[in-house]
Amino acid sequence: MIAYYNGKFIPVENISVSPFDRGFLFADGVYETLRTYNKKLFMLQKHLERLQYSLNQISINFHESDKIENLIYRCAELNNLNSDFSAYIQITRGNSFPRTHHFQSQIKPNLFINVSEIKNREKEINQGVSITFEPDIRWNRCDIKSISLLPNVLANHKAISSGHYEAVFFRDNLITEGTHTNFFAVKNGNVLTAPLSNFILNGVTRNIVFQLCMQNNIQIAEEYLRVNEIFEYDEFFITGTLTEITPAVRIDKRIIGDGKPGRLTKKIQKLFYEFVRKH
């Protein structure tokens, strides 16, 4: 596999990261994940805007976002990817010696990009998945797409090891989001999800769901869901760039409804893929 790192396309096994890269030392960096449909990057501008937001929030001076699109496509070309693919972008603050917590503003950021084929997820999309809940022990700036993801890693690993697809976080009984997804519930035909705040990521797919619901007379609202009331809801789904609109049909050992994706969830899925075809 060939990836891009600081101005060069290099086989991944030949990429060397400095031990003084602040991303390596402090997880001092941000990232974005994109995907294509019909070999075209989907919602590229929204992802770049969110990337710039994350960079601004932690004061990384990166000024080459206009090059990212061409770098991704070139990376896909060099890897002979002839089908849809995902792209991972990571920008760290850069290399700094000696190791100190404070940083200088003139450090040159490190840019890494790699691409990979998208796995077939028809089973999850059509049949749904199982989720579990975990206490949200992350820092209080989850709106920043930081590479500091250890709580997410541990929660997701625990979920998958227990036979679930995703772990969904909660703080003081209030549900926030999944380890790499946004979380939605349906009750009496209304779609509900946690409000935007520093505790959740402003998901690109999340925003598309809001847009589609408002355009199709589906009631949708930002409202905290409570773990202790979760089984009072009718349907659940999670969203994300690679997750798309994935139904959640089981929570821990409890089957939701008849164990199949809910009616409104399937309608939103249909609307989403119609939106994809137009963009």
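Higher on the page you've got the structure.
Overview of the structure. (Residues numbered from 1 in each chain as written. Predicted model: local features only at pLDDT ≥ 70, side-chain atom pairs only at ≥ 80, totals over all residues. Heavy atoms only, no water.)

### Details of the overall build of the protein chain
- Scanning the protein chain for helices and strands turns up seven helices and 15 strands.
- For a compact globule of 279 residues, the expected C-alpha radius of gyration is about 19 Å, and the protein chain comes in at 19 Å, within 12% of that figure.
- Each principal axis of the C-alpha atoms in the protein chain carries an extent, and together these give about 55 × 40 × 35 Å.
- Burial status across the protein chain gives 50% buried among its 279 residues.
- Counting contacts in the protein chain only where the partners sit at least 6 residues apart, residues at least 24 apart contribute 72% of the total.
- As presented, the protein chain carries roughly 14,300 Å² of accessible surface, and 50% of it is formed by carbon and sulfur atoms.
- Within the protein chain, one finds 33 positive and 29 negative side-chain charges whose respective centroids are separated by 1 Å. (Helix = DSSP H or I, 4+ residues; strand = E, 2+ residues; numbered from the N terminus. Rg over C-alpha atoms; globule rule 2.2 N^0.38 Å. Buried < 20%, exposed > 50% of the residue type's maximum accessible area, 1.4 Å probe, protein only. Contact = heavy atoms within 4.5 Å. Areas by Shrake-Rupley, 256 points an atom, 1.4 Å probe, with all protein chains shown as cover. Lys, Arg positive; Asp, Glu negative; His and termini not counted. Charge placed at Lys NZ, Arg CZ, Asp CG, Glu CD.)

### Considerations on the pairing of strand β6 (residues 110-117)
- Pairing between strand β1 (residues 2-5) and β6: two bridges, direction antiparallel. Each bridged residue has a counterpart across the sheet, and for Tyr-5 the counterpart in β6 is Phe-112.
- As judged from the eight bridges shared by strand β5 (residues 85-92) and β6, these two strands associate in the antiparallel manner. Along β6, the bridge assignment pairs Gln-90 with Phe-112. (Pairing = 2+ DSSP bridges.)

### As for the environment of Pro-247
- Here Pro-247 lies in strand β14 (residues 244-251).
- Note: C-alpha distance between Pro-247 and Glu-124 (123 residues apart in sequence) is 7.6 Å.
- The contact partners of Pro-247, leaving out residues within four places of it in the chain, are Glu-124, Ile-125, Gly-128, Val-129, Phe-236, Phe-237, Pro-261, Thr-265 and Gln-269.

### Overview of helix α2 (residues 44-57)
- In this model α2 runs 20 Å from its N-terminal to its C-terminal C-alpha over 14 residues, within 8% of the 20 Å that 1.5 Å per residue would give.
- Taken together, the buried positions of α2 are occupied by Leu-44, His-47, Leu-48, Arg-50, Leu-51, Ser-54 and Leu-55. Projected down its long axis, α2 shows its buried positions confined to an angular sector of 160°, all on one face.
- Where α2 is buried, its residues touch β3 (29-37), β4 (40-41), α3 (68-78), β5 and α6 (204-215). (Expected span 1.5 Å × (residues − 1). Arc of directions from axis to C-beta.)

### Observations concerning the packing of α6 against helix α7 (residues 263-278)
- Closest axis-to-axis distance for the α6/α7 pair is 10 Å, and the angle between their directions is 105°. Classed by the angle they form, the pair α6 and α7 counts as roughly perpendicular. Two secondary-structure elements touch here, α6 through Thr-205, Ile-208, Val-209, Gln-211, Leu-212 and Cys-213 and α7 through Ile-268, Leu-271, Phe-272 and Phe-275.
- Here the contact of α6 with α7 is composed, by residue class, of eight nonpolar, two polar and no charged. (Axes fitted to C-alpha atoms, helices over the stretch in contact; angles between N-to-C directions. Parallel < 35°, antiparallel > 145°, perpendicular 65-115°, else oblique. Nonpolar A, V, L, I, M, F, W, Y, C, P; charged D, E, K, R; others polar.)

### Examining unusual backbone geometry
- The omega angle of the peptide bond from Phe-97 to Pro-98 is 0°, so this bond is cis rather than trans.
- By the element assignment, Pro-98 lies in the loop between β5 and β6.
- Although it is not a glycine, Met-43 adopts a positive phi angle of roughly 55°.
- For Met-43, a relative accessible area of 19% puts it in the buried group.
- In the Ramachandran plot, Glu-244 falls in the positive-phi region, its phi being about 55° despite a non-glycine side chain.

### Observations concerning a nonpolar patch on the surface
- Among the surface-exposed residues, Leu-150, Val-153 and Leu-154 lie close enough to one another that they form a single nonpolar patch of about 300 Å² accessible area.
- Along the chain, Val-153 falls in helix α5 (residues 150-161). (Patch = residues over 30% accessible without salt bridge, like charges linked within 9 Å, V, L, I, M, F, W, Y side chains within 5 Å. Salt bridge = Lys/Arg side-chain N within 4 Å of Asp/Glu carboxyl O.)

### Details of the sheet that holds strand β2 (residues 8-11)
- Ordered in space as β2-β1-β6-β5-β3-β4, the six strands form an open sheet in which the pairing is antiparallel. One side of each edge strand has no neighbouring strand; the edge strands of this open sheet are β2 and β4.
- On top of the sheet, α3 reaches β1, β2, β3, β4, β5 and β6; it is set at about 45° to β6, its chief contact.

### A look at the packing of aromatic side chains
- Applying the stated criterion across every chain yields a total of 12 aromatic pairs.
- When the ring of Phe-20 is compared with that of Phe-97, the centres are 4.7 Å apart and the planes differ by 85°; the resulting orientation is edge-to-face. With a gap of 77 residues between them, Phe-20 in the loop between β2 and α1 (22-26) and Phe-97 in the loop between β5 and β6 connect regions that are remote in the sequence.
- Judged by its relative accessible area of 65%, Phe-97 falls in the exposed class. (Phe/Tyr/Trp six-rings, centres within 6.5 Å; stacked < 30°, edge-to-face > 60°.)

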